[in-house]
Amino acid sequence: MYLNCHTYYSLRFGTFSEIDLLELGQAHGFKTLALTDINNTSACLNFIRKAKDYGIKPVVGIDFRNGAKQQFVGIAKSNNGFYELNGFLSEHLHAKKVLPELAPDFKEVFVVYPFEQVLQLEKTYFKDYEFIGVSVDEMKRLPFTMYKDFKTKLVLQQQVTIRAKRDFNAHRLLRAIDNNTLLSKLPKTEECLETDVMYSKEKLKETFQNFPFILENTGALLEQCSIHFDFGNDRISQNQSLYLEHADADFERLKVLCKKGLPKRYKQPTQKIKDRLQTELKTIREMNFVSYFLINHDIVDYAKQRGFVHVGRGSGANSIVAYLIGITDVDPIELDLYFERFINPYRSSPPDFDIDFSWKEREEITQYIFKRFKHVALLAVYNTFKYRAVVRELGKVFGLPKEEIDKISVGKYEKPELDEFGHLVLKYSKLIQGFPNYVSVHSCGILILDNPIHYFSATDMPPKGFPTVQFDMIIAEDVGIFKFDILGQRGLAKIKDTLEIIRYNKPDDPPIDITDVETFKKDPKVNAMLKNGKATGAYYVESPAMRGLMQKLQTQDYLGLVAASSIIRPGVSDSGMKQEFIKRQRDPERRKEGHPVLLEIMPETYGIMVYQEDVLKVAHQFAGLTLGEADVLRRGMSGKFRSRAEFVAVEEKFISNCRAKGYHDDLIFEVWNQIKSFAGYAFAKGHSASYAVESYQSLYLKCYYPMEFMVAVLNNGGGFYSTEHYIHEAQQCGAQVEAPCINNSDHPNTIVGDIIYLGLGYLKNLEHYTVKRLLTERNFNGPYQSLDDFIDRVAISIEQLTILIRIGAFRFIGVPKAGLLWQAMFKLNTGKPHTQQKQLFRPNHKNFTLPELVSGWVEDAYDQMELLGFSLFDYFSMVNESFKSHIMAKDMKTQVNKPVLLYGKLVNTRYHKASNNKLMRFSTFIDRKGDYFDAVHFYHVVEKYPIHGIGVYECFGKVIEEFGFYSIEVIRTRKLALKPDPRLN
């Protein structure tokens, strides 16, 4: 009966969810409802999906508005009508066009013009599908207009935006936030009415007793509407179902690709490999996943043709087909990957392929996908109102002072301190918290469909220029739309850039086949770097935690790294199984303590669950669950379910099955708690293996081309550590690192032999156009010969030139910086603007006789800290104190449980909340020789001895040891004073 209902996806306007709307309709006894959000279709699919649970026939449409002004409401007669509405809205959203007063010529859509709009337009002609919408309030006016006689065109348009006064107040606050205005100044035209509620059937009959045909017309209109999508178990895949002209051609193409890839991957394929290939191909065909594999292959093949490096991750990495056709470089036979992990008869969704590209190349890949395939869009994600953000917004709306808003947002207040408006901020912040704020773009999801995108949703056009649907991943999967994950990361960019840098810095070296991972895995030098934690700069293995873990595990091979990549994740770590895994890794006798059944299921990980596959194996083989039920556990751990009901049902069956097998409750609940601890964190083994492949590629490059590799790391924004620390690492690798130079530096960092010249881009206040002019002139007309030569050739202000002089960019001249600064002041003649146009004739420069002006290295260090954000000079040399008797990091192993004093430059520090809810800190330092040592600050010293940024610290504490890894338990720390800046004396 209601044609114009809003949810909170009418962004910053509506006040409740689509489920709340269905509950409201059910409570009032209505059998049909039309959801018509304002310029948005985010809730439509879920509204259709859930409507049957409430005994309601769903109808969907769009409330077309310019701002808050309603133009008309479009209601879809059918799926085709929904397609028309979505296309029309998308056209205007993409071009940011104003919506017209009159609707276009729709074929499968009913159009309802609000009564007020009809009066303003004085509209008298209505097409068959056009109607006049009258609300309960407007019934008072209808009898006094000519439209009372338009009996076949009048319908009920009672807008439903709120449920009660509280919703109306929240609505007004949302409108004030949207208009960025004080609540007291919000225009009435921006609000809905207090009467925009859902009335009972009796109220409607009473109101329209003199015009009963209005309700009859409304019912008849809704009766003609029918929209249907399949969801859940009834769904069919909506992804592009064919790659070529028909399914047989697709399958032949996939077989040819596998046949071509087989000898490249396996020089002597065993019968086991051939059998598995045939099994996979048969299953992929039966489950209609052939096109999914071919589309992913197409994307990867394009990347290879362009010379891009990629990594294929996700559950699809368990597939030998994916390995043979080059989607992934993970060998499922070598790793004994569980094929049923991602394709089994109980699973209707295709396997996950997370394909990583360089962050520099991802946009080109995305553009290729949009050009290559017909029906493509990006997936959306909802950004919701977070509590603190709502407090700040409402504080501004109520006009509270900033100090009070700050107190409320961080919870530093007592309720009696708050005035009336403060209490209102608290009250409505809790109500609005979690409402959708705006629709954004999913980090990596791309949809490639059979049907046009607008068959399912309207699309927005974000700044990157790719159409984006208005629903999220959960509803997409429910309706049979499965995303392709195209990600960008810096690790791959480092690999590719290293290869390019090697080509120009060491042109005589033979080319490197970076895909030859099998060779890298067996290289003893590369494996020694893993074992000794020498992985700074290498993707995924460089953090202090990973460095420490690899030393504890004595990781020195590929399979060990695969395990390490997974057990460091919170699921395994928090359950205590990380510690047990390390013990069993180091002590073969302890492995015998594992339960025989678990040891048999997971011999490689000593009977300990490490990967998602292990959970499936344990659920299936230990507890006797079916593969489908086991997959429910896996999906539950990944957070890919709507409710916990199915998860709880599987939990109950897990426990009852185990009891039936005669297991003791202690064992049952120990294993079940391990499974639960994985929730949201467990890695698939193929996922860990993909990371390990990339780590080996990075480590190989660092091992044999360390300086070139570190330049690539720096040029791609570093990683876990600061720029300063990566520069230190480059120096440890033998590089001579030089400050920016006008003749040798580019915008990024460059390397010539063993000398790394820092990029001009590091100079914080050097303008982009100054760098561009400097480099363009040098590229066309050669190196600069002197300060005069530079000034003649580059248009530059005295402020910009000062930056270059202070950083030492003119040091090749051999004149002290102070002297150059004075010369620059005289020569640039700062009273006159310097022309931007190239001079036809070079002026004669005066030479000034200046007294000898000398600056020392300490002054240079402070200039570097100011202009670069770090110094190239050794921090230990800058300390202005005497060092007491102390040990070095390498001596810690001889001082276990003894109090020691170390001096270290801070590398990294982070807080950690312990199980007792108290705050700890973990810090990493390097000593004067560049060796790492780690420190643990327990809660009683965290506040007493804080860490205040980069510098050299005196660290006094007790040496502790865990599995051969040594660290210091801090008793006290103190930051040492540096030599003062001589210019301030």
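The shown structure was predicted, so the numbers you read here are calculated from the model rather than taken from an experiment.

1. Focus: the overall build of the protein chain
Point 1. A tally of helices and strands in the protein chain yields 38 helices and 22 strands.
Point 2. Counting only C-alpha atoms and orienting by the principal axes, one finds that the protein chain spans roughly 100 × 85 × 65 Å.
Point 3. When contacts within the protein chain are restricted to residue pairs at least 6 apart in sequence, those whose partners lie at least 24 apart make up 70%.
Point 4. The averaged location of the 121 negative side-chain charges in the protein chain is 2 Å from the averaged location of its 127 positive side-chain charges.

2. Side note on the packing of aromatic side chains
For any pair of aromatic rings, the description consists of the separation of the ring centres together with the inter-plane angle of the planes.
Point 1. Applying the stated criterion to the full structure yields 43 aromatic pairs.
Point 2. Look at Tyr-540 and Tyr-691: their rings are 4.4 Å apart centre to centre, the planes differ by 15°, and that puts the pair in the stacked class. Here Tyr-540 is found in the loop between helix H19 (524–531) and helix H20 (544–553), whereas its partner Tyr-691 is found in helix H29 (residues 685–704), with 151 residues between them in sequence.
Point 3. The ring of Trp-359 has Arg-490 sitting right over it, with the charged end atom 4.0 Å from the ring centre.

3. Considerations on the environment of Ile-887
Point 1. Following the sequence through the fold, Ile-887 ends up in the loop between helix H37 (875–878) and strand S18 (899–913).
Point 2. For Ile-887, a relative accessible area of 17% corresponds to the buried category.
Point 3. Sequence-distant contacts of Ile-887, that is, excluding residues within four places in its chain, are made with Met-892, Gln-895, Val-900, Leu-901 and Leu-902.

4. Comments concerning the packing of helix H17 (residues 490–505) against helix H30 (residues 706–715)
Point 1. Running from N to C, H17 and H30 cross one another at 130°; their axes reach a closest spacing of 8 Å. Of the possible angle classes, the one that applies to H17 and H30 is oblique. Regarding H17 and H30, the two cross each other, and that crossing is right-handed. Where H17 approaches H30, its residues Lys-494, Asp-497, Thr-498, Ile-501, Ile-502 and Asn-505 are matched on the opposing element by Glu-708, Phe-709, Val-711, Ala-712 and Val-713.
Point 2. Taken together, the residues of the contact of H17 with H30 break down into 6 nonpolar, 2 polar and 3 charged.

5. As for the pairing of S18
The side chains of a regular strand alternate, first on one face of the sheet and then on the other.
Point 1. Both S18 and strand S21 (residues 952–962) contribute to a ladder of 7 bridges, which runs antiparallel. Across the sheet, residue Gly-904 finds its bridge partner in S21, namely Tyr-953.
Point 2. When S18 meets strand S19 (residues 919–926), the two strands line up antiparallel, connected through 8 bridges. When the sheet's bridge partners are listed, Thr-909 is paired in S19 with Ser-923.
Point 3. Hairpin connection, S18 to S19: the antiparallel pair is bridged by 5 residues, and Asn-917 has positive phi, about 70°.

6. Remarks on H30
Point 1. By the criterion of burial, H30 is predominantly enclosed, with 9 of the 10 residues buried.
Point 2. The set of residues buried in H30 consists of Pro-706, Met-707, Glu-708, Phe-709, Met-710, Val-711, Ala-712, Val-713 and Leu-714.
Point 3. Here the buried face of H30 lies against H17, H29, helix H31 (723–732), strand S16 (750–752) and strand S17 (755–757).

7. With respect to the pairing of strand S10 (residues 375–384)
Point 1. Counted residue by residue, S10 has 7 buried out of 10 residues, so it is predominantly covered.
Point 2. Bridge analysis of S10 against strand S11 (residues 436–449) gives 9 bridges, and the strand direction is antiparallel. Counted as the bridge partner of Val-381 is Ser-440 from S11.

8. Remarks on the sheet that holds strand S15 (residues 736–738)
Point 1. Pairing is mixed across the open sheet formed by 3 strands, whose spatial order is S15-S17-S16. Where the open sheet ends on each side, the last strands, each with one partner, are S15 and S16. Ignoring which end each strand starts from, the neighbouring axes of this sheet average 25° apart.
Point 2. Here S15 runs beside S17; their pairing, made up of 3 bridges, is parallel. When the sheet's bridge partners are listed, Gln-736 is paired in S17 with Ile-755.

9. Here we look at the nonpolar core
Point 1. Within the largest apolar cluster, 114 residues are counted, with the highest numbers of intra-cluster contacts made by Tyr-2, Ile-75, Leu-204, Ile-214, Leu-221, Phe-229 and Phe-471.
Point 2. Ranked by residue count, the leading element in this core is helix H5 (residues 165–179), at 6 residues.
Point 3. Once residues within four sequence positions are removed from consideration, Ile-214 is found in contact with Met-139, Leu-142, Leu-154, Val-155, Leu-156 and Phe-208.
Point 4. With 95 residues, the next largest nonpolar core counts Tyr-726, Ile-791, Ala-809 and Ile-926 among its residues.

10. Looking at a positive patch on the surface
Point 1. Together, Arg-253, Lys-260, Lys-264 and Lys-304 give the surface a local cluster of positive charge.
Point 2. For the positive patch, the element with the highest residue contribution is helix H8 (residues 247–265), accounting for 3 residues.

11. Let's talk about the sheet that holds S21
Point 1. The strand order around the closed barrel formed by 5 strands is S18-S19-S20-S22-S21, and the pairing between neighbours is mixed. Within the sheet, the average angular offset between the axes of one strand and its neighbour, ignoring direction, is 50°.

The rules we used
- Residues numbered from 1 in each chain as written.
- Predicted model: local features only at pLDDT ≥ 70, side-chain atom pairs only at ≥ 80, totals over all residues.
- Heavy atoms only, no water.
- Helix = DSSP H or I, 4+ residues; strand = E, 2+ residues; numbered from the N terminus.
- Contact = heavy atoms within 4.5 Å.
- Lys, Arg positive; Asp, Glu negative; His and termini not counted.
- Charge placed at Lys NZ, Arg CZ, Asp CG, Glu CD.
- Phe/Tyr/Trp six-rings, centres within 6.5 Å; stacked < 30°, edge-to-face > 60°.
- Lys NZ or Arg CZ within 6 Å of the ring centre and 35° of its normal.
- Buried < 20%, exposed > 50% of the residue type's maximum accessible area, 1.4 Å probe, protein only.
- Axes fitted to C-alpha atoms, helices over the stretch in contact; angles between N-to-C directions.
- Parallel < 35°, antiparallel > 145°, perpendicular 65-115°, else oblique.
- Left-handed = near helix turned anticlockwise from the far one by under 90°.
- Nonpolar A, V, L, I, M, F, W, Y, C, P; charged D, E, K, R; others polar.
- Pairing = 2+ DSSP bridges.
- Core = buried A, V, L, I, M, F, W, Y, C linked by side-chain atoms within 4.5 Å.
- Patch = residues over 30% accessible without salt bridge, like charges linked within 9 Å, V, L, I, M, F, W, Y side chains within 5 Å.
- Areas by Shrake-Rupley, 256 points an atom, 1.4 Å probe, with all protein chains shown as cover.
- Salt bridge = Lys/Arg side-chain N within 4 Å of Asp/Glu carboxyl O.

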